[in-house]
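# An overview of the molecular structure
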Amino acid sequence: DVKVTQSSRYLVKRTGEKVFLECVQDMDHENMFWYRQDPGLGLRLIYFSYDVKMKEKGDIPEGYSVSREKKERFSLILESASTNQTSMYLCASLGALNTGELFFGEGSRLTVL
Amino acid sequence: AQSVTQLDSQVPVFEEAPVELRCNYSSSVSVYLFWYVQYPNQGLQLLLKYLSGSTLVKGINGFEAEFNKSQTSFHLRKPSVHISDTAEYFCAVAKSSGDKLTFGTGTRLAVRP
């Protein structure tokens, strides 16, 4: 079975802290994505990566960075967390290109106090 | 750039009644269309997709959707819903099967006994 694992389901951090959200997929997929989910706003793309060490900005990259050192791992980094980054963060990887199907992790709910 | 509109943020319905969740998109190029479902406290999973071919697409759990190019719509339907269909449903569009997805704001389906 396809599996995308997000290491932390729930995190509570303080304003100004550095936050790492980790995502690992076991399907040898090349394309990985980080989305943010907020009520009434749906999913918004933060960053994505087509290959190791490659990254592209999505629609809302401000305040975030990413790291893709290995094919299976895609990390989202909040250099200095702020309260407006309190949200649900979803990682996904893209299956075979001709199917277009995204496989999602269960999400990481981050609260910044 | 493409965009997706889900006009209904919430749809209450009684068990065994039919349901339609509406999705309209805008794009200047050919599109690929998807419906994803998110059950409580879980990530998203693919319900169905339209890449090409027949405009009536059948998915999992008895759902189907029809691609209507002239009306730029991709509405999701089920003839008889169950309590277990209570979830949030997201419509998404991409320019190609390997492109990043743009999601709508979601529709929360609440099935009542």
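Below is a short write-up of the structure. Just so it is clear, the model here is predicted, and its values are computed rather than measured.

## What to know about the overall build of chain B
Counting its regular elements, chain B contains zero helices and twelve strands. N-terminal to C-terminal, the α/β element order of chain B is β-β-β-β-β-β-β-β-β-β-β-β. Its C-alpha radius of gyration of 13 Å places chain B within 12% of the 13 Å reference for a compact globule of 113 residues. If you line up chain B on its principal axes, its C-alpha atoms span 40 × 30 × 20 Å. Buried positions account for 47% of the 113 residues belonging to chain B. Pairs at least 24 apart in sequence give 57% of the contacts found in chain B among residues at least 6 apart. Within the structure as shown, chain B displays about 5,400 Å² of accessible surface, and the carbon and sulfur contribution to it stands at 49%.

## A closer look at the pattern of salt bridges
Considering all chains together, one arrives at 13 salt bridges over all chains under this definition. With a shortest N-O distance of 2.8 Å, R77 of chain B and E20 of chain B are connected by a salt bridge. Taken as a pair, R77 of chain B in strand 9 (residues 73–78) and E20 of chain B in strand 3 (residues 19–21) lie far apart in primary sequence, 57 residues in all. Given a relative accessible area of 34%, E20 of chain B falls into the partly exposed group. Where K58 of chain B meets E64 of chain B, a salt bridge forms, and the shortest distance between an N and an O atom there is 2.8 Å. The structure contains a network of salt bridges with shared partners spanning R36, D38 and R44 of chain A.

## Remarks on the state of the cysteines
Under the definition given, this model contains two disulfides over all chains. Note that C23 of chain A is cross-linked by a disulfide to C91 of chain A, the S-S spacing being 1.9 Å. Across the S-S bond linking C23 of chain A and C91 of chain A, the dihedral sits near -75 degrees, which makes this disulfide left-handed. Placement of the pair is C23 of chain A in strand 4 (residues 23–25) and C91 of chain A in strand 10 (residues 87–94), with a sequence separation of 68 residues. Each member of the pair, C23 of chain A as well as C91 of chain A, carries the same accessibility label: buried. C23 of chain B shares a disulfide with C91 of chain B; S-S distance 2.0 Å.

Here is what the cut-offs are and how they apply
- Residues numbered from 1 in each chain as written.
- Chains lettered and ligands numbered in written order.
- Predicted model: local features only at pLDDT ≥ 70, side-chain atom pairs only at ≥ 80, totals over all residues.
- Heavy atoms only, no water.
- Helix = DSSP H or I, 4+ residues; strand = E, 2+ residues; numbered from the N terminus.
- Rg over C-alpha atoms; globule rule 2.2 N^0.38 Å.
- Buried < 20%, exposed > 50% of the residue type's maximum accessible area, 1.4 Å probe, protein only.
- Contact = heavy atoms within 4.5 Å.
- Areas by Shrake-Rupley, 256 points an atom, 1.4 Å probe, with all protein chains shown as cover.
- Salt bridge = Lys/Arg side-chain N within 4 Å of Asp/Glu carboxyl O.
- Disulfide = S-S within 2.5 Å.

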